[in-house]
Amino acid sequence: MNAPEIISSNAVAEIPPRENNPRNSEGDFAVLKDGSILFAYSRYTGSSSEDDAPCDIAGMISRDGGNSFEPLSYLLVTADEHNTRNIMSVSFCRLDNGTLCLFYLCKRGPRSAYYLRRAVGDETRFGEAELCIDFNESIYYVVNNCRVCKLPDGKLLIPAARHKIIGNSGEYFATCRIFGGDAEAKNWYPLSHIIEMPNPGHSETGLQEPGISVLPDGKLYGYFRTDRCFQFESISDDKGKSWTAPIPSRFTSPDSPLLISRNPYTGIYYALWNPVPKYNGRYKEEKWVHAGRYPFVMAQSENGIDFSDFTVIEDAPGHGYCYPAIYFLGEKEMLMSYCCGGQEDGKCLARTRIRKIILG
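In this text the structure is predicted, and so the values were computed from the model without any measurement.

### Focus on the environment of L207
Relative to the helices and strands, L207 is located in the loop between β14 (189–190) and β15 (208–214). Overall, the relative accessible area of 0% leaves L207 in the buried class. Excluding its chain neighbours within four sequence positions, the residues that come into contact with L207 are A161, A174, T175, I195, E196, M197, F224, R225, T226, F232 and P246.

### Remarks on the nonpolar core
Core analysis: the largest hydrophobic core is formed by 43 residues, its most contacted members being F69, I260, M334 and M336. Per-element tally for this core: the top contributor is strand β20 (residues 269–273), with five residues.

### Section: the environment of V31
You can see V31 is positioned in strand β2 (residues 24–31). C-alpha of V31 to C-alpha of L329: the two residues are 298 residues apart in sequence and 9.3 Å apart in space.

### Quick look at empty space enclosed by the protein
If you walk through the whole model with that rule in mind, you get one cavity of 30 Å³ or more. Looking at the largest cavity, its volume works out to about 40 Å³. For the lining of the largest cavity, the secondary structure elements donating two or more residues are β13 (169–181), β15 and β16 (220–225). Here the lining of the largest cavity is built from residues that sort into nine nonpolar, two polar and no charged.

### Some words on the packing of aromatic side chains
As enumerated under the stated definition, the model contains 13 aromatic pairs in all. Centre to centre, the rings of F39 and Y41 are 5.8 Å apart; their planes meet at 15°, and the pair counts as stacked. Overall, F39 belongs to the buried group, its relative accessible area being 0%. Residue class for Y41 comes out buried when judged on its relative accessible area of 6%. Connected via pairs of aromatic rings, a cluster forms that spans F29, F39, Y41 and F69. Just above the ring of F251 sits the side chain of R250; from NZ or CZ to the centre is 4.9 Å.

### Regarding unusual backbone geometry
Following Y294, the chain continues to P295 via a peptide bond in cis, the omega torsion being 0°. Tracing the chain through its elements places P295 in the loop between β20 and β21 (296–301). Of note in the backbone geometry, N20 takes a positive phi value of approximately 65° without being a glycine. One can find N20 in the loop between β1 (6–15) and β2. The backbone phi angle of E26 is positive, close to 45°, even though this residue is not glycine.

### A look at the pairing of β21
Each regular strand carries side chains that alternate between the two faces of the sheet. Judged by how many residues are buried, β21 sits mostly within the fold: six of six residues are covered. Burial along β21 is two-sided: the face carrying F296, M298 and Q300 and the face carrying V297, A299 and S301 are both buried. The pairing of β20 with β21 spans five bridges and is antiparallel. What sits directly across from Y270, in β21, is Q300. Here β21 runs beside strand β22 (residues 311–314); their pairing, made up of three bridges, is antiparallel. Looking across to β22, one finds that M298 is bridged to T311.

### Side note on the sheet that holds strand β25 (residues 352–359)
Strands sit in the order β1-β25-β24-β23 across an open sheet of four strands; the sheet is antiparallel. The sheet is open, and its two borders are formed by β1 and β23 (322–328), each paired with just one other strand. Sheet twist, expressed as the mean angle between neighbouring strand axes with direction ignored, is 20°. One ladder, built from five bridges, connects β23 with strand β24 (residues 333–339); its direction is antiparallel. Directly across from C322, in β24, lies its bridge partner C339.

### Observations concerning the pairing of β20
Within β20, five of the five residues are buried, which leaves it mostly tucked inside the rest of the structure. Neither face of β20 is exposed, since Y269, A271 and W273 on one face and Y270 and L272 on the opposite face are all buried. Across four bridges, the pairing between strand β19 (residues 259–262) and β20 is antiparallel. Note that in β20 the partner of L259 across the bridge is L272. Where β19 folds back onto β20 in an antiparallel hairpin, the turn is made up of six residues, including G267, whose phi is positive at roughly 80°.

### Focus: the sheet that holds strand β18 (residues 247–252)
Strand order in the open sheet formed by four strands is β15-β16-β17-β18, and the pairing between neighbours is antiparallel. For this open sheet the edge positions go to β15 and β18, each flanked by a neighbour on one side alone. Within this sheet the neighbouring strands show an average axis-to-axis angle of 35°, counted without direction.

### Side note on the side chain of N24
Tracing the backbone through its elements, the reader meets N24 in strand β2. There is a polar contact of 3.0 Å between the side chain of N24 and the backbone oxygen of P16. Once you skip the residues sitting within four places of it in the chain, N24 turns out to touch I15, P16, P17, Y41, S42, R43, L349, A350, R351 and T352.

Conventions used here
- Residues numbered from 1 in each chain as written.
- Predicted model: local features only at pLDDT ≥ 70, side-chain atom pairs only at ≥ 80, totals over all residues.
- Heavy atoms only, no water.
- Helix = DSSP H or I, 4+ residues; strand = E, 2+ residues; numbered from the N terminus.
- Buried < 20%, exposed > 50% of the residue type's maximum accessible area, 1.4 Å probe, protein only.
- Contact = heavy atoms within 4.5 Å.
- Core = buried A, V, L, I, M, F, W, Y, C linked by side-chain atoms within 4.5 Å.
- 1 Å grid on protein atoms, 1.4 Å probe; cavity = no way out; pocket = protein on both sides within 12 Å on 5 of 7 lines; lining within 4 Å.
- Points joined across faces, edges and corners; volume = space filled by probe spheres on them.
- Nonpolar A, V, L, I, M, F, W, Y, C, P; charged D, E, K, R; others polar.
- Phe/Tyr/Trp six-rings, centres within 6.5 Å; stacked < 30°, edge-to-face > 60°.
- Lys NZ or Arg CZ within 6 Å of the ring centre and 35° of its normal.
- Pairing = 2+ DSSP bridges.
- Axes fitted to C-alpha atoms, helices over the stretch in contact; angles between N-to-C directions.
- Polar contact = N/O pair within 3.5 Å; in protein donor to acceptor, adjacent residues only side chain to side chain.

Put into C-alpha coordinates, the structure is as follows:
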(Lines give C-alpha, C1' and ligand atoms only; values in the text may rest on other atoms or scores of the structure.)
Protein backbone atom coordinates (compact mmCIF):
# COMPACT_ATOMS: atom_id res chain seq x y z
CA MET A 1 0.00 0.00 0.00
CA ASN A 2 0.99 3.61 -0.45
CA ALA A 3 1.50 5.90 2.54
CA PRO A 4 -1.77 7.35 3.91
CA GLU A 5 -2.93 10.43 1.97
CA ILE A 6 -4.26 13.12 4.30
CA ILE A 7 -6.90 15.42 2.78
CA SER A 8 -7.47 17.44 5.95
CA SER A 9 -5.98 17.42 9.44
CA ASN A 10 -7.37 19.73 12.10
CA ALA A 11 -6.64 20.04 15.81
CA VAL A 12 -10.14 20.07 17.31
CA ALA A 13 -9.18 20.20 21.01
CA GLU A 14 -6.17 21.11 23.13
CA ILE A 15 -5.75 20.29 26.82
CA PRO A 16 -2.76 22.31 28.07
CA PRO A 17 -1.29 22.28 31.56
CA ARG A 18 -2.49 25.02 33.89
CA GLU A 19 -1.94 26.14 37.45
CA ASN A 20 -2.58 23.20 39.77
CA ASN A 21 -2.96 20.99 36.68
CA PRO A 22 0.60 20.18 35.51
CA ARG A 23 -0.22 17.30 33.15
CA ASN A 24 -3.03 16.05 30.89
CA SER A 25 -2.20 12.80 29.14
CA GLU A 26 -3.05 9.22 28.00
CA GLY A 27 -6.65 9.13 26.82
CA ASP A 28 -9.16 7.06 24.87
CA PHE A 29 -12.42 7.57 22.95
CA ALA A 30 -15.89 6.04 23.10
CA VAL A 31 -19.06 6.79 21.14
CA LEU A 32 -22.06 6.97 23.46
CA LYS A 33 -25.54 5.70 22.67
CA ASP A 34 -26.78 9.20 21.83
CA GLY A 35 -24.01 9.59 19.25
CA SER A 36 -21.83 11.88 21.37
CA ILE A 37 -18.10 11.12 21.49
CA LEU A 38 -16.53 10.89 24.95
CA PHE A 39 -12.80 11.38 25.46
CA ALA A 40 -11.40 10.35 28.86
CA TYR A 41 -7.86 11.17 29.99
CA SER A 42 -5.46 11.37 32.94
CA ARG A 43 -5.79 14.79 34.65
CA TYR A 44 -3.04 15.56 37.17
CA THR A 45 -3.39 18.03 40.03
CA GLY A 46 -0.96 19.75 42.37
CA SER A 47 2.60 20.60 41.36
CA SER A 48 4.08 17.28 40.15
CA SER A 49 3.62 15.60 36.77
CA GLU A 50 5.41 12.37 37.70
CA ASP A 51 3.61 9.14 36.91
CA ASP A 52 2.60 8.47 40.51
CA ALA A 53 1.60 12.09 41.35
CA PRO A 54 -2.04 12.97 42.18
CA CYS A 55 -4.26 12.21 39.18
CA ASP A 56 -7.95 11.67 38.38
CA ILE A 57 -9.80 10.74 35.18
CA ALA A 58 -11.47 13.66 33.41
CA GLY A 59 -13.56 13.83 30.26
CA MET A 60 -14.38 15.92 27.22
CA ILE A 61 -17.46 15.49 25.00
CA SER A 62 -18.18 16.14 21.34
CA ARG A 63 -21.76 16.51 20.10
CA ASP A 64 -20.90 17.45 16.52
CA GLY A 65 -19.15 14.37 15.19
CA GLY A 66 -15.72 15.18 16.56
CA ASN A 67 -15.42 18.68 15.09
CA SER A 68 -15.15 20.21 18.56
CA PHE A 69 -14.92 19.07 22.18
CA GLU A 70 -15.94 20.71 25.44
CA PRO A 71 -14.86 19.68 28.96
CA LEU A 72 -17.29 17.88 31.21
CA SER A 73 -18.20 19.81 34.34
CA TYR A 74 -17.30 16.88 36.58
CA LEU A 75 -14.58 14.23 36.85
CA LEU A 76 -15.43 10.80 35.48
CA VAL A 77 -13.58 8.95 38.26
CA THR A 78 -11.56 10.30 41.18
CA ALA A 79 -8.60 8.82 43.00
CA ASP A 80 -10.39 9.58 46.28
CA GLU A 81 -13.00 6.96 45.37
CA HIS A 82 -10.22 4.37 45.68
CA ASN A 83 -8.61 5.89 48.77
CA THR A 84 -5.46 6.64 46.79
CA ARG A 85 -4.00 9.60 44.94
CA ASN A 86 -3.41 8.32 41.41
CA ILE A 87 -5.59 6.64 38.76
CA MET A 88 -4.59 6.89 35.08
CA SER A 89 -4.12 5.30 31.62
CA VAL A 90 -7.67 4.68 30.44
CA SER A 91 -9.07 2.30 27.83
CA PHE A 92 -12.67 2.03 26.65
CA CYS A 93 -14.31 -1.13 25.33
CA ARG A 94 -17.91 -1.63 24.16
CA LEU A 95 -18.91 -5.22 24.93
CA ASP A 96 -20.99 -7.36 22.60
CA ASN A 97 -23.94 -6.97 24.98
CA GLY A 98 -23.82 -3.19 24.46
CA THR A 99 -22.24 -2.29 27.80
CA LEU A 100 -19.51 0.33 27.68
CA CYS A 101 -16.60 -0.34 30.06
CA LEU A 102 -13.85 1.97 31.26
CA PHE A 103 -10.55 0.39 32.29
CA TYR A 104 -7.76 2.16 34.19
CA LEU A 105 -4.76 1.76 36.47
CA CYS A 106 -5.06 2.45 40.18
CA LYS A 107 -1.81 3.10 42.04
CA ARG A 108 -1.06 2.67 45.72
CA GLY A 109 2.45 4.06 45.39
CA PRO A 110 5.53 3.75 43.18
CA ARG A 111 5.66 -0.03 43.61
CA SER A 112 2.02 -1.09 43.41
CA ALA A 113 -0.64 -0.79 40.76
CA TYR A 114 -3.72 -2.77 39.84
CA TYR A 115 -6.11 -2.67 36.91
CA LEU A 116 -9.83 -1.98 37.21
CA ARG A 117 -12.89 -1.88 34.99
CA ARG A 118 -16.18 -0.05 35.52
CA ALA A 119 -19.37 -0.58 33.55
CA VAL A 120 -21.15 2.56 32.42
CA GLY A 121 -24.61 3.38 33.72
CA ASP A 122 -25.98 6.29 31.69
CA GLU A 123 -22.85 6.38 29.48
CA THR A 124 -20.96 9.05 31.46
CA ARG A 125 -21.66 7.89 35.03
CA PHE A 126 -19.84 4.77 36.10
CA GLY A 127 -20.77 1.82 38.29
CA GLU A 128 -18.72 0.10 40.95
CA ALA A 129 -15.10 -0.75 40.17
CA GLU A 130 -14.23 -4.42 39.64
CA LEU A 131 -10.72 -5.89 39.82
CA CYS A 132 -9.08 -7.22 36.64
CA ILE A 133 -5.39 -7.46 37.57
CA ASP A 134 -4.09 -7.40 41.14
CA PHE A 135 -0.55 -6.85 42.41
CA ASN A 136 1.38 -8.79 45.03
CA GLU A 137 4.48 -8.27 47.13
CA SER A 138 6.89 -9.09 44.30
CA ILE A 139 5.17 -8.10 40.98
CA TYR A 140 3.05 -5.26 39.68
CA TYR A 141 1.61 -4.66 36.22
CA VAL A 142 1.32 -1.59 33.98
CA VAL A 143 -1.20 -1.23 31.13
CA ASN A 144 -1.15 1.64 28.64
CA ASN A 145 -4.09 3.71 27.44
CA CYS A 146 -6.15 2.44 24.47
CA ARG A 147 -4.92 -1.13 25.00
CA VAL A 148 -7.84 -3.47 25.86
CA CYS A 149 -8.26 -5.87 22.92
CA LYS A 150 -11.59 -7.51 22.00
CA LEU A 151 -11.39 -10.80 20.08
CA PRO A 152 -13.88 -11.80 17.35
CA ASP A 153 -15.69 -14.07 19.86
CA GLY A 154 -16.19 -11.12 22.23
CA LYS A 155 -13.64 -12.21 24.83
CA LEU A 156 -11.15 -9.59 26.04
CA LEU A 157 -7.39 -9.45 26.40
CA ILE A 158 -5.28 -7.06 28.49
CA PRO A 159 -1.57 -6.86 27.55
CA ALA A 160 0.38 -5.91 30.68
CA ALA A 161 4.01 -5.01 31.34
CA ARG A 162 5.23 -7.07 34.28
CA HIS A 163 7.63 -5.33 36.70
CA LYS A 164 9.40 -6.82 39.69
CA ILE A 165 9.29 -5.01 43.02
CA ILE A 166 12.72 -4.54 44.57
CA GLY A 167 12.91 -2.85 47.96
CA ASN A 168 10.64 0.19 47.95
CA SER A 169 10.53 0.70 44.19
CA GLY A 170 9.55 -1.06 41.00
CA GLU A 171 12.18 -2.34 38.59
CA TYR A 172 12.22 -0.39 35.30
CA PHE A 173 12.94 -3.54 33.29
CA ALA A 174 9.77 -5.37 32.20
CA THR A 175 8.57 -8.68 30.90
CA CYS A 176 5.00 -9.14 29.65
CA ARG A 177 1.94 -11.18 30.48
CA ILE A 178 -1.45 -11.31 28.77
CA PHE A 179 -4.61 -11.47 30.90
CA GLY A 180 -7.89 -12.85 29.56
CA GLY A 181 -11.49 -12.09 30.46
CA ASP A 182 -14.87 -13.28 29.24
CA ALA A 183 -17.26 -11.41 26.93
CA GLU A 184 -18.79 -9.62 29.93
CA ALA A 185 -15.39 -8.29 31.06
CA LYS A 186 -15.38 -10.58 34.09
CA ASN A 187 -13.51 -13.68 35.33
CA TRP A 188 -10.03 -12.36 34.58
CA TYR A 189 -7.01 -14.67 34.77
CA PRO A 190 -3.36 -14.82 33.57
CA LEU A 191 -3.72 -16.24 30.06
CA SER A 192 -0.19 -16.36 28.66
CA HIS A 193 3.17 -17.53 29.83
CA ILE A 194 5.61 -14.76 30.78
CA ILE A 195 6.92 -13.19 27.58
CA GLU A 196 10.57 -12.21 27.80
CA MET A 197 13.09 -10.38 25.64
CA PRO A 198 15.71 -12.78 24.26
CA ASN A 199 19.26 -11.91 25.35
CA PRO A 200 18.15 -9.00 27.56
CA GLY A 201 21.57 -8.21 29.01
CA HIS A 202 22.01 -4.93 27.11
CA SER A 203 18.47 -3.61 27.67
CA GLU A 204 17.29 -1.39 30.50
CA THR A 205 13.63 -1.46 29.45
CA GLY A 206 12.96 -5.06 28.46
CA LEU A 207 9.48 -5.35 26.92
CA GLN A 208 7.42 -2.35 28.03
CA GLU A 209 4.01 -0.94 27.06
CA PRO A 210 2.74 -3.98 25.13
CA GLY A 211 -0.12 -3.87 22.66
CA ILE A 212 -2.13 -6.42 20.65
CA SER A 213 -3.91 -6.34 17.30
CA VAL A 214 -6.01 -9.10 15.74
CA LEU A 215 -4.84 -10.14 12.26
CA PRO A 216 -7.22 -11.12 9.42
CA ASP A 217 -6.49 -14.84 9.89
CA GLY A 218 -7.27 -14.66 13.61
CA LYS A 219 -3.67 -14.70 14.80
CA LEU A 220 -2.59 -12.03 17.26
CA TYR A 221 0.23 -9.56 16.66
CA GLY A 222 1.93 -8.37 19.82
CA TYR A 223 4.26 -5.38 19.99
CA PHE A 224 6.45 -3.93 22.72
CA ARG A 225 8.36 -0.73 23.42
CA THR A 226 12.10 -1.31 23.95
CA ASP A 227 15.36 0.64 24.16
CA ARG A 228 16.86 -1.44 21.31
CA CYS A 229 15.94 1.16 18.62
CA PHE A 230 13.00 -0.99 17.47
CA GLN A 231 9.58 -2.00 18.65
CA PHE A 232 9.76 -5.77 19.20
CA GLU A 233 7.05 -8.09 17.83
CA SER A 234 5.60 -11.51 18.63
CA ILE A 235 2.82 -13.71 17.21
CA SER A 236 0.21 -15.89 18.90
CA ASP A 237 -1.85 -18.47 16.96
CA ASP A 238 -3.83 -19.73 19.96
CA LYS A 239 -5.73 -16.59 21.07
CA GLY A 240 -2.98 -15.31 23.34
CA LYS A 241 -1.94 -18.37 25.33
CA SER A 242 1.50 -18.79 23.77
CA TRP A 243 3.72 -16.37 21.85
CA THR A 244 6.76 -16.59 19.61
CA ALA A 245 10.02 -15.21 20.95
CA PRO A 246 9.94 -11.40 20.52
CA ILE A 247 12.20 -10.04 17.77
CA PRO A 248 12.85 -6.55 16.33
CA SER A 249 10.03 -5.41 14.05
CA ARG A 250 10.09 -3.08 11.04
CA PHE A 251 9.12 -0.19 13.39
CA THR A 252 12.27 1.74 14.31
CA SER A 253 11.55 3.62 17.49
CA PRO A 254 12.88 5.24 20.65
CA ASP A 255 11.50 3.94 23.94
CA SER A 256 8.07 5.33 23.11
CA PRO A 257 4.85 3.38 22.52
CA LEU A 258 3.48 2.10 19.21
CA LEU A 259 -0.28 1.83 18.59
CA ILE A 260 -1.80 -0.38 15.87
CA SER A 261 -5.55 -0.20 15.32
CA ARG A 262 -7.87 -1.65 12.66
CA ASN A 263 -10.57 0.46 10.99
CA PRO A 264 -13.78 -1.61 11.34
CA TYR A 265 -15.30 0.09 8.27
CA THR A 266 -12.52 -0.93 5.85
CA GLY A 267 -10.36 -3.54 7.58
CA ILE A 268 -7.27 -1.37 7.07
CA TYR A 269 -4.74 -1.29 9.91
CA TYR A 270 -3.11 1.98 10.98
CA ALA A 271 0.10 2.32 12.99
CA LEU A 272 1.01 5.44 15.00
CA TRP A 273 4.56 5.84 16.35
CA ASN A 274 7.86 7.77 16.34
CA PRO A 275 10.23 6.46 13.60
CA VAL A 276 13.48 7.60 15.22
CA PRO A 277 16.28 6.48 15.10
CA LYS A 278 16.00 5.96 11.31
CA TYR A 279 14.44 9.25 10.29
CA ASN A 280 16.44 11.42 7.87
CA GLY A 281 19.62 10.04 9.47
CA ARG A 282 18.68 11.49 12.87
CA TYR A 283 19.38 9.41 15.94
CA LYS A 284 17.29 9.69 19.08
CA GLU A 285 18.03 12.84 21.07
CA GLU A 286 18.07 12.37 24.82
CA LYS A 287 16.33 15.56 25.85
CA TRP A 288 14.09 15.33 28.84
CA VAL A 289 11.32 17.40 27.25
CA HIS A 290 10.62 15.08 24.30
CA ALA A 291 12.99 12.05 24.60
CA GLY A 292 13.31 11.85 20.82
CA ARG A 293 9.55 11.39 20.37
CA TYR A 294 9.21 13.33 17.13
CA PRO A 295 8.14 13.20 14.39
CA PHE A 296 4.78 11.49 14.96
CA VAL A 297 3.79 9.40 11.95
CA MET A 298 1.13 7.06 10.56
CA ALA A 299 1.37 4.08 8.18
CA GLN A 300 -1.28 1.67 6.87
CA SER A 301 -1.56 -2.04 6.05
CA GLU A 302 -4.08 -4.47 4.60
CA ASN A 303 -2.83 -7.48 6.57
CA GLY A 304 -1.61 -5.89 9.81
CA ILE A 305 1.99 -6.98 9.17
CA ASP A 306 3.29 -5.32 5.99
CA PHE A 307 2.97 -1.57 6.48
CA SER A 308 3.34 1.24 3.98
CA ASP A 309 5.75 4.12 4.12
CA PHE A 310 4.64 6.64 6.70
CA THR A 311 2.94 10.02 6.55
CA VAL A 312 3.98 12.67 9.10
CA ILE A 313 1.23 13.86 11.46
CA GLU A 314 3.33 16.20 13.67
CA ASP A 315 7.01 17.15 13.53
CA ALA A 316 7.65 20.35 15.49
CA PRO A 317 11.22 20.15 16.88
CA GLY A 318 11.41 20.38 20.63
CA HIS A 319 7.99 18.74 21.10
CA GLY A 320 7.28 15.12 21.91
CA TYR A 321 4.34 13.12 20.55
CA CYS A 322 3.36 9.91 22.31
CA TYR A 323 0.68 7.74 23.97
CA PRO A 324 -1.80 7.90 21.07
CA ALA A 325 -5.40 6.73 20.91
CA ILE A 326 -7.46 6.43 17.74
CA TYR A 327 -11.18 6.19 16.94
CA PHE A 328 -12.59 5.62 13.46
CA LEU A 329 -15.63 7.68 12.51
CA GLY A 330 -16.00 6.11 9.04
CA GLU A 331 -14.06 4.74 6.10
CA LYS A 332 -11.91 7.85 5.73
CA GLU A 333 -12.43 9.78 8.99
CA MET A 334 -10.65 9.29 12.29
CA LEU A 335 -9.99 11.00 15.59
CA MET A 336 -6.64 10.63 17.30
CA SER A 337 -5.34 11.92 20.60
CA TYR A 338 -1.74 12.12 21.77
CA CYS A 339 0.58 13.93 24.15
CA CYS A 340 2.21 16.88 22.39
CA GLY A 341 4.00 19.02 24.98
CA GLY A 342 7.06 21.16 24.35
CA GLN A 343 9.55 23.30 26.19
CA GLU A 344 6.88 25.76 27.31
CA ASP A 345 4.98 22.88 28.98
CA GLY A 346 7.97 21.40 30.78
CA LYS A 347 7.64 17.93 29.20
CA CYS A 348 5.86 16.22 26.33
CA LEU A 349 3.41 14.45 28.67
CA ALA A 350 1.97 17.71 29.99
CA ARG A 351 -0.31 18.57 27.04
CA THR A 352 -2.77 16.49 25.00
CA ARG A 353 -4.20 17.25 21.57
CA ILE A 354 -7.19 15.75 19.73
CA ARG A 355 -6.95 15.80 15.94
CA LYS A 356 -9.54 14.96 13.30
CA ILE A 357 -8.11 13.53 10.09
CA ILE A 358 -9.79 12.84 6.74
CA LEU A 359 -7.94 10.55 4.35
CA GLY A 360 -8.01 10.49 0.55
